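What follows is each chain in one-letter form.
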Amino acid sequence: MKNAFTGKIALFLTAWLLLCCTGCANLKDMRDISIRAFRVESLSVESLRKLDAGLTLTVDNPAKGIEITAMEGTVYRKGSRLGTFTADSLTVPGKAVSELPVALRMELDPAVSPLSLMSMASDADAGDFTADITLKARLGKGPGKKFTLRDIPLKDIISNLK
């Protein structure tokens, strides 16, 4: 009885390890996704500290469909924290170029005044801005995986737009 139980545990652990490794390998396909263009469809100021934006992204996804269930991050300007943002869930169709609406909410850091934000907009340089992004994604019907990307320069995102 003990050997049968140990065998079942070993079989379960082997199957679990195989599923995890396969799921992680498939999520590496996310590296091939590119954002070809983006448009700001709407921008509204909820209060002096909160902004809501509606974006449309043109995404080229040569891999399987991807479901992004959670996305949040922090935006920095010249190393100083500008604010935090969150985005709604997003489904990126697989093996296609598609336009996707994205609702984005940003809350300014208490140290940033709305007036300083206006002056930043007038002399903004994409090289001044970076972001830390955390997202949870699932490729196809596989298991979800949490990703954290740090110090992503805005100028790299813009220059990679085709």
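Residues numbered from 1 in each chain as written. Predicted model: local features only at pLDDT ≥ 70, side-chain atom pairs only at ≥ 80, totals over all residues. Heavy atoms only, no water.

Draft legend 1. Quick peek at the overall build of the protein. Counting its secondary structure elements, the protein contains three helices and eight strands. Reading the protein from its N terminus to its C terminus gives the helix and strand order α-β-β-β-β-β-β-α-β-β-α. With 162 residues in all, the protein has 28% of them scored as buried. Within the protein, residue pairs in contact and separated by at least 24 positions form 61% of the contacts whose partners lie at least 6 positions apart. Of the accessible surface of the protein, which amounts to about 10800 Å², a share of 61% is contributed by carbon and sulfur atoms. (Helix = DSSP H or I, 4+ residues; strand = E, 2+ residues; numbered from the N terminus. Buried < 20%, exposed > 50% of the residue type's maximum accessible area, 1.4 Å probe, protein only. Contact = heavy atoms within 4.5 Å. Areas by Shrake-Rupley, 256 points an atom, 1.4 Å probe, with all protein chains shown as cover.)

Draft legend 2. Structural view of the confidence of the model for the protein. Per-chain confidence: the protein averages 76 in pLDDT, with 73% of residues scoring 70 or above. Below a pLDDT of 50 lies the segment residues 1–25, which in the model reaches two contacts outside its immediate sequence neighbourhood of four places, other chains included. (pLDDT = per-residue confidence, 0-100.)

Draft legend 3. Molecular detail of the side chain of Asp60. By the secondary structure assignment, Asp60 is in strand β2 (residues 50–61). Judged by its relative accessible area of 18%, Asp60 is buried. A polar atom in the side chain of Asp60 sits 2.7 Å from the side chain of Arg36. Apart from the residues lying within four places of it in its own chain, the contact partners of Asp60 are Asp32, Ile33, Ser34, Arg36, Ala96 and Val97. (Polar contact = N/O pair within 3.5 Å; in protein donor to acceptor, adjacent residues only side chain to side chain.)

Draft legend 4. Examining the nonpolar core more closely. In terms of nonpolar packing, the biggest core is built from 24 residues, with Ile68 and Leu82 touching the most fellow members. For this core, the elements supplying multiple residues, two or more each, are β2, β3 (66–77), β4 (80–87), β5 (90–92), β6 (96–108) and β7 (129–139). Here this core takes six residues from β7, the largest share from any one element. (Core = buried A, V, L, I, M, F, W, Y, C linked by side-chain atoms within 4.5 Å.)

Draft legend 5. The arrangement of the pairing of β6 in detail. Across 12 bridges, β2 lies against β6 in antiparallel orientation. Along β6, the bridge assignment pairs Val59 with Ser98. Sheet analysis places β4 next to β6, joined by five bridges and oriented antiparallel. When the sheet's bridge partners are listed, Phe85 is paired in β6 with Met106. (Pairing = 2+ DSSP bridges.)

Draft legend 6. Region of interest: the environment of Glu46. Secondary-structure assignment places Glu46 in the loop between β1 (34–45) and β2. The exposure class of Glu46 is exposed, given its relative accessible area of 53%. Sequence-wise, Glu46 and Glu107 are 61 residues apart; in three dimensions their C-alpha atoms are separated by 9.7 Å.

Draft legend 7. How the structure looks around the pattern of salt bridges. Taken as a whole, this structure holds eight salt bridges when the rule is applied. Here Asp128 and Arg77 are joined by a salt bridge, their closest N and O atoms 3.8 Å apart. Taken together, the positions of Asp128 in the loop between α2 (114–122) and β7 and Arg77 in strand β3 put the pair 51 residues apart, joining distant regions of the chain. Residue Asp128 shares its accessibility class with Arg77, and that shared class is buried. One salt bridge connects Arg81 with Asp109, and the closest N-O pair in it is separated by 3.0 Å. With Arg81 in strand β4 and Asp109 in the loop between β6 and α2, the pair connects residues that are 28 residues apart, well separated along the chain. Residue class for Arg81 comes out partly exposed when judged on its relative accessible area of 41%. Asp109 sits in the buried class, given a relative accessible area of 16%. (Salt bridge = Lys/Arg side-chain N within 4 Å of Asp/Glu carboxyl O.)

Draft legend 8. Spotlight on unusual backbone geometry. The phi torsion at Lys78 lies on the positive side, around 50°, for a residue other than glycine. Phi at Asp151 is positive, roughly 50°, even though this residue is not glycine. By secondary structure assignment, the location of Asp151 is in strand β8 (residues 144–153).

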